[in-house]
Amino acid sequence: MRALIVSNMRPDAAHPGRGSFVRDQAAALRRLPGLEVDLIEEAPGVLGYLRLAARLARRRRRYDVVHAHFGLTAWPALAARARRRAVTLHGTDVRHPRSGRLTRAVLPRYDLVAAASEALARELAVGGARDVRVLPCGVDLERLRPVPRAEARRRLGRDPGAPFLLLPADPARAVKRAARARALAAAAGVPLVTLG
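In short, a report on the structure. If you're wondering where the values come from, they're calculated on a predicted model, not measured in any experiment.

**Side note on the nonpolar core**
In this structure, Leu4, Val66, Val87, Leu89 and Tyr110 are the most contacted members of the largest nonpolar core, which totals 34 residues. In terms of residues, this core owes the most to one element, strand 1 (residues 2-7), which gives 4 residues. Sequence-distant contacts of leucine 4, defined by excluding residues within four places in its chain, comprise Asp38, Leu39, Ile40, Leu56, Tyr63, Val65, Val66, His67 and Ala80.

What follows is the structure in structure tokens.
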């Protein structure tokens, strides 16, 4: 069986961890016997989608399954030759006012519409999408494992005893509501730590 995974989450110097779960998924699938897996990644944004579509249109290979990660990636993934098509939706691709409309418009062209969580699948079902499956992205338990709190804080350069509030996202992304986190941290009298 030949499978192609298409992603708009290619990492770059500013975002080295972007899309790591997609590459982890491809690596895990490659370990399965009888399965050939190709992965094509581009950076997010209009130019990335155009490059994806052009790269896929030039490929002569026909796949049994083409799997697009993220709703807007589903459009350029249509350029790949495939017997079946799957798309995994992650949240902002269907919740954003503009990209949500574009994502929902492509869903009827896909054999499998999946959401990364049960909550998102329920939300899509209410929004009129047909049967939505859940394909969680999973967690790499080798990379993400429990460590004692004092050790974790030491590794991160944090005072082991000082409280803080963590916003595990880039505060520049409006959808993450950093203003609410700042207000909560101020009300609690603790510093706000964010991930970019």
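**Quick notes on the sheet that holds strand 4 (residues 81-89)**
Spatially, 2-1-3-4-5-6 is the arrangement adopted by the 6 strands of the open sheet, whose pairing is parallel. Each end of this open sheet is capped by a strand with a single partner; those strands are strand 2 (36-41) and strand 6 (132-134). Between one strand axis and the next, the sheet turns by 25° as a mean value, whatever way the strands run. Where strand 1 meets strand 3 (residues 62-69), 5 bridges bridge the pair, whose relative direction is parallel. Note that in strand 3 the partner of valine 6 across the bridge is alanine 68. Against the sheet, helix 1 (residues 20-30) touches strand 1, strand 2 and strand 3, its axis set at about 165° to strand 2.

**Here's the deal with the side chain of glutamate 42**
Within the secondary structure layout, glutamate 42 lies in the loop between strand 2 and helix 2 (46-58). A polar contact of 3.0 Å, which involves the side chain of glutamate 42, links it to the side chain of arginine 51. Beyond its immediate sequence surroundings of up to four residues, glutamate 42 is in contact with Ser7, Asn8, Met9, Arg10, Gly48, Arg51, Leu52 and Arg55.

**Comments concerning the pattern of salt bridges**
Enumeration over the complete set of coordinates arrives at 13 salt bridges. Between arginine 18 and aspartate 12 there is a salt bridge; the shortest N-O distance is 3.6 Å. Judged by its relative accessible area of 19%, arginine 18 falls in the buried class. Between glutamate 151 and arginine 155 there is a salt bridge; the shortest N-O distance is 2.4 Å.

Calculation criteria
- Residues numbered from 1 in each chain as written.
- Predicted model: local features only at pLDDT ≥ 70, side-chain atom pairs only at ≥ 80, totals over all residues.
- Heavy atoms only, no water.
- Core = buried A, V, L, I, M, F, W, Y, C linked by side-chain atoms within 4.5 Å.
- Buried < 20%, exposed > 50% of the residue type's maximum accessible area, 1.4 Å probe, protein only.
- Helix = DSSP H or I, 4+ residues; strand = E, 2+ residues; numbered from the N terminus.
- Contact = heavy atoms within 4.5 Å.
- Pairing = 2+ DSSP bridges.
- Axes fitted to C-alpha atoms, helices over the stretch in contact; angles between N-to-C directions.
- Polar contact = N/O pair within 3.5 Å; in protein donor to acceptor, adjacent residues only side chain to side chain.
- Salt bridge = Lys/Arg side-chain N within 4 Å of Asp/Glu carboxyl O.

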